[in-house]
Amino acid sequence: QVQLVESGGGLVQAGGSLRLSCAASVRTFIPYAMGWFRQAPGKEREFVATISWSGGSTNYADSVKGRFTISRDNAKNTVYLQMNSLKPEDTAVYYCAARWYGSDRRRDQYDYWGQGTQVTVSS
């Protein structure tokens, strides 16, 4: 069983930055690939970024590539999402998710989810 708790959301002006954190309560964090997804009002939850268990492989949605960076600290059981050059269209609830071993862009491949953290970008 993996419990995930996101933090770091908030209100920021367009062009600003935020760093989201996701802390995992699990005996062994290393075998889990981690992903970030987001859901805007009235829209489906969409893929943002994913990182392999080692941190050696990352993948991003085209909409955030070059602006967002996913990373992890396995010693702290934590995954991060650094968000720069934020746009109003980035406004959403951001969720982290975990799956065993291999990273994936598909939300239905993830077994564990956090409760989400709200990110609001004003224009």
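Residues numbered from 1 in each chain as written. Predicted model: local features only at pLDDT ≥ 70, side-chain atom pairs only at ≥ 80, totals over all residues. Heavy atoms only, no water.

Novice: What's the story with the overall build of the protein in this structure? I'm lost.
Specialist: A count of helices and strands for the protein gives zero helices and 11 strands. Each helix and strand of the protein, ordered N terminal to C terminal, gives the series β-β-β-β-β-β-β-β-β-β-β. Here the protein has a C-alpha radius of gyration of 13 Å; the compact-globule value for 123 residues is 14 Å, and the two agree. For the protein, the proportion of its 123 residues judged to be buried stands at 46%. Considering only contacts in the protein between residues 6 or more positions apart, those separated by 24 or more positions represent 59%. With the model as given, the accessible surface of the protein reaches about 6300 Å², and the carbon-plus-sulfur share is 45%. (Helix = DSSP H or I, 4+ residues; strand = E, 2+ residues; numbered from the N terminus. Rg over C-alpha atoms; globule rule 2.2 N^0.38 Å. Buried < 20%, exposed > 50% of the residue type's maximum accessible area, 1.4 Å probe, protein only. Contact = heavy atoms within 4.5 Å. Areas by Shrake-Rupley, 256 points an atom, 1.4 Å probe, with all protein chains shown as cover.)

Novice: So what exactly am I meant to see when it comes to the environment of Val-12 here?
Specialist: Among the structural elements, Val-12 can be located in strand S2 (residues 10-13). Residues Val-12 and Lys-87 lie 75 residues apart in sequence; the distance between their C-alpha atoms is 9.4 Å.

Novice: When you look at the state of the cysteines in this model, what are you seeing that I'm missing?
Specialist: Linking two cysteines covalently through their sulfur atoms gives a disulfide. For the structure on display, the rule yields one disulfide. Each disulfide pairs two cysteine sulfurs, and for Cys-22 the partner residue is Cys-96, the sulfurs being separated by 1.9 Å. On the S-S bond that ties Cys-22 to Cys-96, the torsion sits near 45°, and the link is right-handed. Of the two residues, Cys-22 sits in strand S3 (residues 18-25) while Cys-96 sits in strand S9 (residues 92-100), which places them 74 residues apart along the sequence. Taking the relative accessible area as the measure of exposure, Cys-96 reaches 0% and is therefore buried. (Disulfide = S-S within 2.5 Å.)

Novice: Can you walk me through a nonpolar patch on the surface in this structure?
Specialist: There is a patch of nonpolar side chains on the surface, built from Ile-30, Trp-53, Trp-100 and Tyr-101 and spanning about 460 Å² of accessible area. Along the polypeptide, Trp-53 turns up in the loop between strand S5 (46-51) and strand S6 (58-60). The class for Trp-53 is partly exposed, based on a relative accessible area of 34%. (Patch = residues over 30% accessible without salt bridge, like charges linked within 9 Å, V, L, I, M, F, W, Y side chains within 5 Å. Salt bridge = Lys/Arg side-chain N within 4 Å of Asp/Glu carboxyl O.)

Novice: In this structure, what is going on with the nonpolar core? I would like to understand it.
Specialist: It is characteristic of soluble globular proteins that their nonpolar side chains tend to be buried jointly. By size, the foremost hydrophobic cluster in this structure holds 35 residues, and its most contacted members are Leu-4, Met-34, Trp-36, Leu-81, Met-83 and Tyr-94. Residue assignment for this core shows that the elements contributing at least two residues are S3, strand S4 (32-39), S5, strand S7 (68-73), strand S8 (78-83), S9 and strand S11 (117-122). Here this core takes five residues from S9, the largest share from any one element. (Core = buried A, V, L, I, M, F, W, Y, C linked by side-chain atoms within 4.5 Å.)

Novice: For this particular structure, what's the right way to read the sheet that holds S8?
Specialist: Either a parallel or an antiparallel arrangement is found when strands of a sheet pair, and the pairing is made through backbone hydrogen bonds. Judged by pairing direction, the sheet is antiparallel, and its four strands sit side by side in the order S1-S3-S8-S7 without closing on themselves. The strands lining the two open edges of the sheet, one partner per strand, are strand S1 (3-7) and S7. If you compare each strand with its neighbour and ignore which way they point, the axes differ by 15° on average. (Pairing = 2+ DSSP bridges. Axes fitted to C-alpha atoms, helices over the stretch in contact; angles between N-to-C directions.)

Novice: For this particular structure, what's the right way to read the side chain of Arg-72?
Specialist: Within the element layout of this structure, Arg-72 appears in strand S7. Only 2.8 Å separates the side chain of Arg-72 from the backbone oxygen of Tyr-32, close enough to count as a polar contact. Here Trp-53 takes part through its backbone oxygen, which lies 3.4 Å from a polar atom of the side chain of Arg-72. (Polar contact = N/O pair within 3.5 Å; in protein donor to acceptor, adjacent residues only side chain to side chain.)

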